[in-house]
Amino acid sequence: MTTAQDPRRKPFNGREVSERITLEPREMPTSWYNIQADLPFDLAPPLSPATGKPVTFEEMAAIFPPPLIEQEMSRERYVPIPERVLDILSLWRPTPLIRARNLEKALGTPARIYYKFEGVSPAGSHKPNTAVPQAYFNKISGISRMTTETGAGQWGSSLAFACKQFDMTCRVYMVKVSFTQKPYRRTFIRLFGAEVVASPSTLTQSGRDILSRNPDSPGSLGIAISEAVEEAASRSDTNYGLGSVLNHVILHQSVIGLEAKKQMEKVGDYPDYVIGCHGGGSNFGGLAVPFVKDRIEGKKVEAIAAEPASCPTLTRGRYAFDYGDTARLTPIMQMYTLGHDFVPPAVHAGGLRYHGAAPIVSALLHHGLIGAEAVLQSAIFEAAVLFAHTEAIIPAPESAHAIAAVVKKARELKEEGRSAAILFSLSGHGHFDMAAYEAYLNGTLEDYTYPEAAIAESLGNLPAVSL
Ligand SMILES: *Cc1c(COP(=O)(O)O)cnc(C)c1O
């Protein structure tokens with residue numbers, strides 16, 4: 001029986017009451033789900049930037065601890081979550097699944113809309129789900145310091161929090177535009193004991209090279225990754241942590257989808273559509289993988305990644321081998337890419353401006369197991385404000401990409417007069433994003449679709465790879 005038919009549910013004051021579907025802490029998943037065990041195809045191995053051959057364990061060990069390298073390559077279906085990690089995750093997990101009744105009503109749609117709210121975490125997004133295990137596995141491998149990059153500041157905040165839990169220090173290279181635009185994210189990172197540096201910086205060769213060519217460089221995720229990787233590779237006490245893209249990150253984020261599936265079972269429902277916003281692929285991947293498993297096994301469920309039209313990696317990029325960073329220090333991965341020296345425009349969904357995409361998400365899209373669509377900024381903020389008015393949560397602009405895709409689907413279902421269940425990831429709240437909402441309310445946000453010629457130009461610089 002679906003909740004729509006539940007006789008106990010009565011309108012309150014003429015309004016439908018939103019419904020939270022919660023799990024007890026003891027119902028939290030105790031293992032991560034690894035989609036690599038169930039893929040009907042092989043993932044291409046990442047290639048070494050030095051040799052062009054599959055990257056070796058030793059090469060990876062310069063910046064990652066052994067347990068994370070093993071997870072990156074693992075074909076085990078379930079990987080146990082360490083007790084200590086479960087303890088910390090349970091400070092905010094399981095996260096609620098909420099039936100968006102007021103949004104449904106405002107849209108007049110027959111769709112049943114559910115969202116998994118990851119904004120209840122310490123950083124206000126899904127990112128601590130992987131920051132905590134990454135810090136933990138580094139700590140037990142004898143590492144005392146981590147470096148990383150951050151774009152909008154979410155990942156830097158998450159890793160700073162996680163390192164503090166294990167008495168480790170952390171240095172965050174923050175993309176310069178965000179460093180200037182988001183001072184309170186800097187404070188957040190420092191409050192948890194980490195150091196934050198504007199990137200490009202003079203602390204690394206990669207940063208100095210960029211600055212000598214362009215002293216006013218606004219920075220990019222690709223540049224900040226180069227700086228963080230360079231520093232980690234040069235110090236034995238320091239490793240690097242990446243907030244998205246990699247297989248082990250999607251593994252850690254699978255808690256989102258595993259919990260959501262249990263929660264939907266509790267109300268006797270199952271999603272026809274699973275929707276998430278896409279930057280590097282971790283919240284979408286984490287929500288979608290348990291459902292993609294069902295699809296591989298023959299169940300009818302459609303997962304859709306929603307990305308900005310201004311950084312259209314999945315919808316207009318090429319499925320190719322490319323570097324993960326601008327200075328070409330990271331392994332070469334098979335993924336959808338706009339080219340490693342693509343510099344995205346300064347749109348306000350700062351967390352969705354990466355040139356590449358997770359190899360797992362890319363392969364699923366390439367093999368037709370998921371779909372992708374691009375959304376414009378105006379539709380995103382319109383959907384975000386409607387969501388705030390109806391469901392009382394101000395979403396992160398990143399998450400609002402998913403909401404815009406949900407609104408579109410719910411309207412289509414209304415026109416077709418068809419009921420269906422939509423599950424989406426509300427990856428974070430937008431409390432640090434008031435500058436973006438201010439611009440929207442002042443009418444100064446502009447829609448931007450990346451020009452084809454510029455994409456073609458950066459795709460002209462892909463590495464030559466012979467397999
Ligand atoms: C970082 C971030 C994203 C994008 O990253 P993914 O790896 O694609 O999930 C989305 N939403 C929020 C709130 C974020 O902080």
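As shown above, the structure is provided for reference.
Residues numbered from 1 in each chain as written. Predicted model: local features only at pLDDT ≥ 70, side-chain atom pairs only at ≥ 80, totals over all residues. Heavy atoms only, no water.

Visitor: How should I be thinking about the packing of helix H15 (residues 377-391) against helix H16 (residues 397-416) in this particular structure?
Guide: Helix-helix packing is described using two parameters, namely the angle between the two axes and the distance between the axes. The interhelical angle for the contact between H15 and H16, taken along N-to-C directions, is 90°, at an axis separation of 8 Å. As the angle between them shows, H15 and H16 are arranged roughly perpendicular. Of H16, the residues touching H15 (which contributes Ala379, Ile380, Phe381, Ala383, Ala384 and Phe387) are Pro397, Ala400, His401, Ile403, Ala404 and Val407. Considered class by class, the residues forming the contact of H15 with H16 number 11 nonpolar, 1 polar and no charged. (Axes fitted to C-alpha atoms, helices over the stretch in contact; angles between N-to-C directions. Helix = DSSP H or I, 4+ residues; strand = E, 2+ residues; numbered from the N terminus. Parallel < 35°, antiparallel > 145°, perpendicular 65-115°, else oblique. Contact = heavy atoms within 4.5 Å. Nonpolar A, V, L, I, M, F, W, Y, C, P; charged D, E, K, R; others polar.)

Visitor: What is the right way to read the site of the ligand from this model?
Guide: As a matter of local geometry, the ligand sits amid 19 residues, with Lys127, Ser244, Gly279, Ser282 and Ser427 nearest to it. Note that an oxygen atom of the ligand is positioned 2.6 Å from one of the side-chain N or O atoms of Lys127. Ser244 is positioned with one of its side-chain polar atoms (N or O) 2.5 Å from an oxygen atom of the ligand. Its free accessible area being 380 Å², the ligand has 97% of it covered by the protein chains. (Near = heavy atom within 4 Å. Polar contact = N/O pair within 3.5 Å; in protein donor to acceptor, adjacent residues only side chain to side chain. Areas by Shrake-Rupley, 256 points an atom, 1.4 Å probe, with all protein chains shown as cover.)

Visitor: Where do I start with the sheet that holds strand S1 (residues 19-21) in this structure?
Guide: Overall, mixed pairing links the 7 strands, which are arranged S1-S4-S5-S15-S10-S11-S14 in an open sheet. The open sheet has two free edges, formed respectively by S1 and strand S14 (371-375), since each of these has just one partner strand. Averaged over neighbouring strand pairs, the angle between their axes works out to 25° when direction is ignored. Of the strands in this sheet, strand S10 (273-277), strand S11 (302-308) and strand S15 (421-426) are in contact with helix H12 (residues 282-296), which crosses S10 at around 160°. (Pairing = 2+ DSSP bridges.)

Visitor: Please clarify how the packing of aromatic side chains should be interpreted in this entry.
Guide: Two descriptors summarise a pair of aromatic rings, namely the distance from one centre to the other and the angle between the planes of the rings. Per the counting criterion, the structure on display carries 18 aromatic pairs. Consider the rings of Tyr115 and Phe424, whose centres lie 5.7 Å apart with planes at 35°: the pair is tilted. Taken together, the residues span a long stretch of sequence, with Tyr115 in strand S5 (residues 112-117) and Phe424 in strand S15 at a distance of 309 residues. In this structure, Tyr115 and Phe424 share a single accessibility class: buried. Geometrically, the ring pair formed by Phe381 and Tyr440 is stacked, given 5.5 Å between the ring centres and 20° between the ring planes. You can see Phe381 sitting in helix H15 and its partner Tyr440 sitting in helix H17 (residues 434-441), a full 59 residues away along the chain. Given a relative accessible area of 25%, Tyr440 falls into the partly exposed group. Ring pairs connect the aromatic residues Trp92, Phe161, Phe188, Phe192 and Phe432, which therefore count as one cluster. Sitting over the face of the ring of Phe179, Arg186 holds its NZ or CZ atom 4.2 Å from the ring centroid. (Phe/Tyr/Trp six-rings, centres within 6.5 Å; stacked < 30°, edge-to-face > 60°. Buried < 20%, exposed > 50% of the residue type's maximum accessible area, 1.4 Å probe, protein only. Lys NZ or Arg CZ within 6 Å of the ring centre and 35° of its normal.)

Visitor: Looking at this model, I keep getting lost on the nonpolar core. Mind explaining?
Guide: In terms of nonpolar packing, the biggest core is built from 72 residues, with Trp32, Tyr114, Val132, Val274, Leu364, Ile370 and Leu423 touching the most fellow members. In terms of residues, this core owes the most to one element, helix H11 (residues 247-266), which gives 7 residues. Judged by nonpolar contacts, the second largest core, of 36 residues, contains Ala100, Ala111, Ile380 and Ala400. (Core = buried A, V, L, I, M, F, W, Y, C linked by side-chain atoms within 4.5 Å.)

Visitor: How do you make sense of the side chain of Thr313 when you look at a structure like this?
Guide: Here Thr313 is to be found in helix H13 (residues 313-316). Assessed through its relative accessible area of 2%, Thr313 is described here as buried. The residues contacting Thr313, other than those within four sequence positions of it, are Glu307, Tyr336, Thr337, Leu338, Tyr354, His355, Gly356 and Ala357.

Visitor: Looking at this structure, I do not really get the pairing of S10. What am I missing?
Guide: Strand residues, when the strand is regular, have side chains that alternate between the two faces of the sheet. Summarising burial for S10: 5 of the 5 residues are buried, a large majority. Pairing geometry for S10 and S15, over 3 bridges, is parallel. Of the residues in S15, the one forming a bridge with Val274 is Leu423.

Visitor: How should the sheet that holds strand S7 (residues 169-175) be read in this particular structure?
Guide: One open sheet accounts for 4 strands, arranged S8-S7-S6-S9; its pairing is parallel. Every other strand in the sheet has two partners, leaving strand S8 (195-199) and strand S9 (238-240) as the edge strands with one partner each. Averaged over all pairs of adjacent strands, the angle between strand axes in this sheet comes to 25°, irrespective of strand direction. Where S7 and S8 come together, 5 bridges link them in parallel fashion. For Val172, the partnering residue across the bridge sits in S8 and is Val196. Packed onto the sheet, helix H6 (residues 154-165) meets strand S6 (145-150) and S7 and runs at close to 165° relative to S6. Of the strands in this sheet, S6, S7, S8 and S9 are in contact with helix H10 (residues 221-233), which crosses S6 at around 170°.

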